Amino acid sequence: MSASVELRSVTMDFGKYRAVDNVSVKINPGEFFSFLGPSGCGKTTILRMVSGFIEPTAGQVLIGDQDMRGIGPNKRPTAMIFQNLALFPLMTVWENISFGLEVRGVDKTTRRAKAEELLKLVELPGVADRFPSQLSGGQRQRVAIARALAVEPQLMLLDEPLSALDLKLRQHMRAELRAIQKRTNVTFIYITHDQGEALAMSDRVAVMSRGQIQQVDVPQKIYNTPANGFVASFVGENNKFTGELTSVSDGAGKFKTDVGEFTVTLGQGVSKESKCRLYVRPEHIGFAGKSKSHVNAIPVTVEDVSFEGNFAVVLMRDKAGRRRSAEVRNDPMNPPPQPGTSTTITFDPDKALVLLDSEAVAYAERD
Amino acid sequence: MTDLIQRYGRGLSWLSIGLTAFWLLALVILPYLGLFEQSFRPYLPVDEIGGPNDHYTLHNYMALFSNPQDITLCLPGKDTIPGSPIYLPDLVVNWPIHLYIFILTIVYSSVVTLIVLMLCYPIAYCMAKVMDPRSLPTFFLLLVIPLWVSELMRSFSWYIILSLNGPLSTLLMDLGILSAPVRWTWGLCGYSGIMVGLIYTYVLFMLFPVYNAMTSLDSNQIEAAEDLGAGWIRKHWRVIIPHCKPGIASGSVTVFMLAASSLLVPSLLASPKSRWFTEVIQQWMFESHDWNSGAAYAFLLLVVCTIFVTVMMKLFKVGLSDIAK
Amino acid sequence: MRNKFRHSALLIYCYCFLALMLVPLAVMGGAAFNDSKFPTVLPWKGWTWRWFVDLYNDDTIWQASFNTLIVAIAVVVMSVPIGTAGALLVNSLKGRSRTLLYALMISPVLTPGAVIGISTLLFWFKFNVPAGLHLSVFAQVSFIAAYVMLMVLARLQSFDSALEEAALDLGATHWQSLRRVLLPHLYPALAAGSVLAFFQSIENFNATQFTRGASTTLTVYVGSKVRTGITPTINALAFILISITVIGALAYEIRRRRIAARAAEAEA
C-alpha cells in the first residue's frame, strides 16, 4: 500500500515570516520524491505539514486524495524518520521498532516476531535486545527505518536522516534506502540540502528556495536543463557570466559579456528583454588545443590545478579577473595545463545555457 | 499554549493547567491575598464581626509602633564582650517594643547571613578547586548528614551543648579553663545562642549554592588570571566572586529568609533578653488569638523577605531563576 | 610554594568545619545513653538504655510519628503531580508569561514558613475548614510542589521533544506518548522529587505549627517538648534518626565506591 500526496496552494506563515509560499505539487504513489534546497527554504516545514505536526496557514494537504486538515500526526498513514533519528533511548531496539504496534494494542509475541522480521529486512539481525546507545551510527539509522516501516505506512517522510553519518556510510546508506524503497514500494518523501543525495536516490526532485518550488523534474532534467539561475547554481557547479542577449532566434541567441560575445542556448521562458545570465558547467569546458577557431572561446591564465583522482579541477582567471573552473577527465596522455600558463577555454553553444534570474538567484549567490 | 496542546493533547494540557491552577490559586495566591485583606481588619468579638465596627483599619500595623518601653540598647560593652576594653555606658531609649524586635530580627538575620557567607566561601572554593576529586564525594556525603537529620535536631544539638551545666561548660571546667559554668546563650546582648544556632542550622544552605556556582567556573580562567599576574585577592575579587554571584545571591536569600522566619532556633536557644519577630507572631496567633494582628505581622515578615530578595537580585544583577536553584 | 601552604591551610579549615558540623550530632546522640535527667554527655553519669525504653513507651510519640507519616505521604502524592504539571506548563511557555508563571511558582519557596502557615489557616477558615493536619498538607504542598517543579523542569530541559513527535508519528496517543516516552525520561527527577518532598514534609515545623490545630507531628511535638521540659528521650529519638541517616549514607557510599571501582576496572 502506498499513497499519493498532493499539496494544493499550501502556504505557511510563522508570524510575519512566510516559510512556505503557495506551493502546489503532486507526488505519485510509490515514488521516491525529494525536496532539495538550502537551509531555511521551507522544505522541513513542508514535511512537518505532511506529517501533521503543523497545519498550513492556507491551502490543502491531501494524502491518498483525502484532505488531512484536523487530522493529528498519530492518525495519519505516515511514518517519519527524524534528522536525529529520535530513537527512544530507554527502550531496546526491538521495543523501539515495535512501539507503533504496541500503541495499537498488538500482543507481545507478534510484536517481537515483527521486529525480528524488520531487522532482517534492514539487514541488522541479532541486535534486538540492545539499546540504541550501544549501536553504531549506521545501525541506528537502520533501526529508525525499521521502526518507521513497522507501522506499515503508506508514506515515509525522511528529514535529512543521513546528515549525521560520515561520507562512506552515507553513500552506502543511499543505495540501501533506495533498495528498501523499491522493495516495500512505499512512497518516500525525502528532505535534503545535499544535491548528491537527491539526484542519486530520487525518482523526482523539487528544488526549493525561499518557500517556493523552483523546479520539479527527474534528476537528469534538473541537472541538464535547470529551470532558472537558482537551480543551475544550487545543483552542481557552474561558470556564471553576466551580460545581455544581443540577438535571439529559435531557442538560440548571442550573449554579450565583458570577455566576449558567445553563441548560446536559451533556457525556459527567456526572451530578449528578460534579466538573465549565462551558465556553463565546468565539465563542459574544454581547452583549445587543436580546434583553434572555436565559436565560444575565452583566453585565461591557469592559477591552480587540483587533482581529484578520476578527474582534475583547473582553476583559472579570465581577463576581467573573474575565476573560471573546468573539470577534465584524468588522462595521463593528455594532462591539463600547468599553473601559470596562458591558454584558451572553449564550450559548445548547446552546453551554454542562458537562464532567467529568479529572485532566488541573488539569495543563493555565494561568490 | 498551542505548543502545550500540540505536545500533550487537549486532555493532558487541561489536566496540567488544572493542577497548576489549583496549586497557584488555592494554595498560593488566594491565601496570600486573604492574609493581606485580613491584616486590615480589626480584632473584634465574634458577635461584632460584620457589624458597623468591622471596617478596614491600619490598627494592626500601628501596633508595631505603639507600646513604647524603656530598652537598654545593645552596644559594645560589658554585656557584649566580657573584658572588652571598649566600655560604653548603657544607652536607654524609649522605643515601641515590637518595632525594636522587628529591627533586631532583621539586623541579626543579616549578620548571620554575612557570617555564614564568609564561613562558606573558602570551603566552597576548597571543595570545587583544591580538594582531591576522589575524596570529595565522601566529604560531601558527611556534610550532608546534618542536613538529612533535620532542622529541629540541628538546633536541638546546640541547645544541649550550650546549656548551663552542659558538655561545653563541663569540658572547659574539667580542662581547668573555666572555674564556673557559663551561660553561653546570654552573650551578644542575649543573642549569642540564637546566632550560633542559626549559623549551624542554616550554613549548608549557603554552602551548596556557592559550591555549585564555583564548580561551573572553568579552572582555566583562574589559571589565566594567575598567569596574567593577578594576586590571590585580585583573583578572587575579579574572577571567582563575580562568577559565583548567582550562588551567593541564592544562598544569601535562603539563609536570610530561613533565619528571619525561624521559630525553632529562637525558642530553643533563647535567653531572658532575646525576642524574635516570629515569636511575636506566635504570640498574636496562639496567646492573644488575634489572628488579624498575626496576619499583619506575618505580612510584614513577607515584605521584608521580598525586599531582601529584590535587593539581592538588583545588587548581584541576577534573575529569579538563578536564585531558585 | 606559597600556594601549597595556602591550600594546606584551606584543607585544614575544611576538615575543621566538617568536624564542627558533625560533633554536635555526636554529642546529641551520645547523650541518649547518659544516665542523667538532663540531656548531656558531660558529666557522664553511666550507661543506660532507659531513654530508649521511655521513648518506646511514649504513646504521643507514636501518634505523632503516625501523623507525620500520613502527612508526608499525602504531601508526596499531591506535590509530585502538581509540580510535574507546573513544570510541563512553564516549559511550554515563552517570554513574559513564562517569567510571570515561574515567579508565581517560585514565590512560596522564598516565603517564610510562618507566612505560608498563617495564610493557609486564615484562607480555609473563611470556608469554615478548621485547622488540622489536612491544612498542614496544603501549606506544605504549596512550597514543596515548587521544589518538585524545579527538579522536573531541570530534567525536562534535557529532553529531546523529537522523541514525543516520533511517538505521535508512530500512532501513539498523547497519553501513550507521555507514559512511554516522557515519563520514563522524567523518572529520576520524579523519584528524587518524591524523596525530597517526603523529607521536607517530615522536618517541616513553621508551616505545620500554624495549621495543625490540635493534632501534632513529630517535629512539632519535639519542638514543643523543649518548652515543657526536655528529657533525653528526645536524644534517643535523635540517635535513631542519626543512625538511619548514617546507615543510608554508608550504603550510598559503598554503592558509589563499588560503581567507581567497576568503572576503573572497565577502563583498565
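Residues numbered from 1 in each chain as written. Chains lettered and ligands numbered in written order. Predicted model: local features only at pLDDT ≥ 70, side-chain atom pairs only at ≥ 80, totals over all residues. Heavy atoms only, no water.

1. Overview of the state of the cysteines
Next, step 1: By the definition in use, this model includes zero disulfides over all chains.
Next, step 2: A disulfide-free cysteine, Cys126(B) has its sulfur positioned 3.3 Å from the sulfur of Cys14(C), the nearest such atom.
Next, step 3: The exposure class of Cys126(B) is buried, given its relative accessible area of 0%. (Disulfide = S-S within 2.5 Å. Buried < 20%, exposed > 50% of the residue type's maximum accessible area, 1.4 Å probe, protein only.)

2. Things to note about the pattern of salt bridges
Two side chains carrying opposite charge are able to pair once their charged atoms lie near each other.
Next, step 1: Tallying each qualifying case throughout the model produces 25 salt bridges over all chains.
Next, step 2: Each of Asp13(A), Arg18(A) and Asp21(A) takes part in one network of salt bridges that share partners. (Salt bridge = Lys/Arg side-chain N within 4 Å of Asp/Glu carboxyl O.)

3. Things to note about the interface of chain B and chain C
Next, step 1: Chain B puts 93 residues into the contact, and the matching count from chain C is 98 residues.
Next, step 2: Each partner contributes to the roughly 8400 Å² buried at the junction of chain B and chain C, and carbon and sulfur atoms together form 78% of this total.
Next, step 3: The tally of links from chain B across to chain C stands at one salt bridge.
Next, step 4: As a salt-bridge pair, Lys126(C) and Glu37(B) come within 3.9 Å of each other at their nearest N and O atoms.
Next, step 5: In this structure, the connection of chain B to chain C is made through nine residue pairs in polar contact (both at pLDDT 80 or more).
Next, step 6: Per-element tally for the side of chain B that touches chain C: the top contributor is helix α1 (residues 2–38) of chain B, with 26 residues.
Next, step 7: A per-class count over the side of chain B that touches chain C returns 67 nonpolar, 20 polar and six charged. (Contact = heavy atoms within 4.5 Å. Buried area = accessible area lost by both parts, 1.4 Å probe. Polar contact = N/O pair within 3.5 Å; in protein donor to acceptor, adjacent residues only side chain to side chain. Helix = DSSP H or I, 4+ residues; strand = E, 2+ residues; numbered from the N terminus. Nonpolar A, V, L, I, M, F, W, Y, C, P; charged D, E, K, R; others polar.)

4. Notes on the packing of helix α8 (residues 192–215) of chain B against helix α10 (residues 232–260) of chain B
All names here are of chain B.
Next, step 1: Contact pair α8 / α10: the axes reach a minimum separation of 8 Å and the direction vectors enclose 155°. In terms of axis orientation, α8 runs roughly antiparallel to α10. For the pair α8 and α10, the sense of crossing is right-handed. Across the interface between the two elements, Leu 198, Tyr 202, Phe 205, Met 206, Pro 209, Val 210, Ala 213 and Met 214 of α8 pack against Ile 240, His 243, Cys 244, Gly 247, Ile 248, Ser 250, Gly 251, Ser 252, Thr 254, Val 255, Leu 258 and Ala 259 of α10.
Next, step 2: For the contact of α8 with α10, the residue count by class is 14 nonpolar, six polar and no charged. (Axes fitted to C-alpha atoms, helices over the stretch in contact; angles between N-to-C directions. Parallel < 35°, antiparallel > 145°, perpendicular 65-115°, else oblique. Left-handed = near helix turned anticlockwise from the far one by under 90°.)

5. Examining the environment of Val186(A)
Next, step 1: Here Val186(A) is to be found in the loop between α6 (167–184) and β8 (187–192).
Next, step 2: In this structure, the C-alpha to C-alpha distance between Val186(A) and Glu31(A), residues 155 residues apart in sequence, is 7.5 Å.

6. Overview of a nonpolar patch on the surface
All names here are of chain B.
Next, step 1: A cluster of nonpolar side chains, Trp 95, Ile 103, Val 107 and Val 111, forms an exposed patch at the surface whose accessible area comes to about 310 Å².
Next, step 2: Sort the elements by how many residues they give to the nonpolar patch and helix α3 (residues 97–130) lands first, with three residues.
Next, step 3: Note that Val 111 resides in helix α3.
Next, step 4: The exposure class of Val 111 is partly exposed, given its relative accessible area of 33%. (Patch = residues over 30% accessible without salt bridge, like charges linked within 9 Å, V, L, I, M, F, W, Y side chains within 5 Å. Areas by Shrake-Rupley, 256 points an atom, 1.4 Å probe, with all protein chains shown as cover.)

7. Some thoughts on the sheet that holds strand β10 (residues 212–217) of chain A
Residue and element names in this part refer to chain A.
Next, step 1: Taken in spatial order, the six strands line up as β6-β7-β8-β3-β9-β10 in an open sheet, and their pairing is mixed. Since the sheet does not close on itself, it has two edges, and those belong to β6 (78–81) and β10, each with one partner. Pairwise comparison of adjacent strand axes, ignoring direction, gives a mean angle of 20° for this sheet.
Next, step 2: Sheet analysis places strand β3 (residues 32–36) next to β8, joined by five bridges and oriented parallel. Bridge pairing links Phe 33 to Ile 189 in β8. (Pairing = 2+ DSSP bridges.)

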